[in-house]
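Remarks on the overall topology
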Amino acid sequence: MSLQAIVIKVLVWFDNSNVKIADNVGEAIDWMRVIPFILMHLVCLLVFVVGFSPVALWVALGSYLVRMFAITAFYHRYFSHKAFKTSRVCQFIFALLGATATQRGPIWWASHHRRHHLYSDTAKDIHSPRQGFLWSHIGWFLCLKNFTTQGHCVRDLLKYPELVLLDRFDSIVPIFYALSMLFLGQYLEFAFPELKTNGSQMLVWGYFVSTIVLIHCTLFVNSLAHVLGTRRYETGDDSRNNLFIALFALGEGWHNNHHHYPVSARQGFFWWEIDISYYLLRLMSLFGIIWDLKPVPANRLHSKLVKQGLQ
Ligand SMILES: [Zn+2]
Ligand SMILES: [Zn+2]
């Protein structure tokens, strides 16, 4: 590889507009492109160097929960499915919060997710476990083929230049988020030395460990939630309802419900199906931050059941 080619590959880490992809590109992994993703996993091993403190673990947990909510409620239910409405300013704030999760920009995320719903578990599905569990979990986004945004799926989002910009420079927000963790740790070390934390410890736990766990827990909705769990609805795909995934992914484990009626703001269709993202969205609607949360129509709740009676 020439020096110029390497420079272009590195620039792509920061500016997606430099990407040129041939129509016939295959499903081989673009190793140069995914170096940062691999490095993020390796940096997590630094927990054995920086140690831990209760405050660093609490911040890591909080960082996980806030950003999981941003992914499920905003990237998924809002940008991908338009399950509720909000103002343009709040839309941008939601996009920024989602971008801290380091799962690329909202338009890229929504474009691939919408395609998943169009072709769930068929040959055209970009991340069906029928093509291999590992492929459905990480393989699909590590290959060059799925690096670009499927523009025809997201014309409604492409009309917002601020979102297009976020997508183009999708590593900027995560970098600032990581730096904020570093500065938080440095501040706590200075102001509250009794907490026994520091900048590097907070960076490793609050950003790297939290982000890697967050990424894989999100990806389990694509992989595990099409393999493990129960099916209430005949959806024509392999989607499953799974309480365990619903708990750690804040409601996204009710994936068979979701494939049955994707535009609903809630994925736990019944009171016993815990859906923390939906509870928080309801709270936000009480304050007028969002509105017009789409419900599940009563006739859809009991239609196309796998067998008579609720499972
Ligand atoms: Zn699915
Ligand atoms: Zn969806």
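Details of the structure are given in the entry above.
Presented here is an overview of the structure given in this document. Going along each chain's sequence as written, the residues are numbered from 1 onward. For this description, chains carry letters from A and ligands carry numbers from 1, given in the order in which they are written. Reporting of local features is limited, given that this is a predicted model, to residues whose pLDDT is at least 70; pairs of side-chain atoms are given and counted only at 80 or more, and all residues count toward the totals for whole chains, interfaces and linings.

**Observations regarding the overall build of the chain**
Helix and strand assignments come from DSSP, with helices taken as H or I runs of at least 4 residues and strands as E runs of at least 2, each series counted from the N terminus. When helices and strands are counted, the chain shows 15 helices and two strands. The reference for a compact globule is 2.2 Å times residues^0.38; the radius of gyration itself is calculated from the C-alpha atoms. Its C-alpha atoms give the chain a radius of gyration of 20 Å, within 12% of the compact-globule value 19 Å for 311 residues. If you line up the chain on its principal axes, its C-alpha atoms span 60 × 50 × 35 Å. For the exposure call, what matters is how many other C-beta atoms sit within 10 Å of a residue's own: 20 or more marks it buried, 12 or fewer exposed, and in between partly exposed, using C-beta atoms placed from the backbone. Buried positions account for 39% of the 311 residues belonging to the chain. By definition, residues are in contact whenever their C-beta atoms, placed on the basis of the backbone, come within 7 Å of each other. Within the chain, contacts between residues separated by at least 24 positions form 67% of all contacts whose residues are at least 6 apart in sequence.

**Some points on the packing of helix 10 (residues 172–191) against helix 11 (residues 199–223)**
Orientation is described by axes fitted as lines to C-alpha atoms, over the contacting stretch for helices, and by angles from 0 to 180 degrees between their N-to-C directions. Viewed as axis vectors pointing N to C, helix 10 and helix 11 meet at an angle of 140°, and their least axial separation amounts to 7 Å. For the element pair helix 10 / helix 11, the angle class is oblique. In this structure, helix 10 crosses over helix 11, and the sense of that crossing is right-handed. Contacts between helix 10 and helix 11 involve Tyr177, Ala178, Met181, Leu182, Leu184, Gly185, Gln186 and Glu189 from the first element and Gly199, Ser200, Gln201, Met202, Leu203, Gly206 and Tyr207 from the second. Nonpolar residues are Ala, Val, Leu, Ile, Met, Phe, Trp, Tyr, Cys and Pro. Charged residues are Asp, Glu, Lys and Arg, and all others, Gly as well, are polar. Of the residues contributing to the contact of helix 10 with helix 11, the split by class is eight nonpolar, six polar and one charged. Should an angle fall under 35 degrees it is called roughly parallel, over 145 degrees roughly antiparallel, and 65 to 115 degrees roughly perpendicular, with every other angle called oblique. The handedness criterion is simple: a crossing whose near helix is rotated anticlockwise from the far helix by less than a right angle is left-handed, and one whose near helix is rotated clockwise is right-handed.

**Some remarks on the environment of isoleucine 107**
With respect to the element layout, isoleucine 107 can be found in helix 6 (residues 106–118). For isoleucine 107, a count of 26 C-beta atoms within 10 Å puts it in the buried group.

**Observations concerning unusual backbone geometry**
Unusually for a residue other than glycine, leucine 250 sits at a positive phi of about 50°. Note on placement: leucine 250 falls in the loop between helix 12 (243–248) and helix 13 (255–260). Backbone geometry places lysine 304, a non-glycine residue, at a positive phi of 50°. Residue placement: lysine 304 occurs in the segment after helix 15 (298–301).

**Observations regarding helix 9 (residues 161–168)**
Within the span of helix 9, buried status applies to Leu163, Leu166 and Asp167. Axial view of helix 9: buried residues confined to an arc of 100°, hence all on one face. Pointing more than 90 degrees away from the buried face of helix 9 are the exposed residues Pro161 and Glu162. In this fold, the buried residues of helix 9 make contact with helix 5 (88–99), helix 6, helix 8 (155–158) and helix 10. Directions from the helix axis toward the C-beta atoms define the arc.

**Examining the packing of helix 4 (residues 54–80) against helix 5**
Across the interface, helix 4 lies against helix 5 with an axial gap of 9 Å and an inter-helix angle of 125°. Judged by the inter-axis angle, helix 4 sits oblique to helix 5. As for how helix 4 packs across helix 5, the hand of that crossing is left-handed. Contacts between helix 4 and helix 5 involve Ala70, Ile71, Phe74, Tyr75 and Tyr78 on the former and, on the latter, Phe94, Leu97 and Gly98. Broken down by class, the residue content of the contact of helix 4 with helix 5 amounts to seven nonpolar, one polar and no charged.

**With respect to the environment of arginine 104**
Inspection of the secondary structure assignment puts arginine 104 in the loop between helix 5 and helix 6. Distance in space between the C-alpha atoms of arginine 104 and proline 174 is 9.1 Å, their sequence separation being 70 residues. Sequence-distant contacts of arginine 104, that is, excluding residues within four places in its chain, are made with Trp109 and Asp170.

Don't take any of this as a statement about function, it's just geometry.
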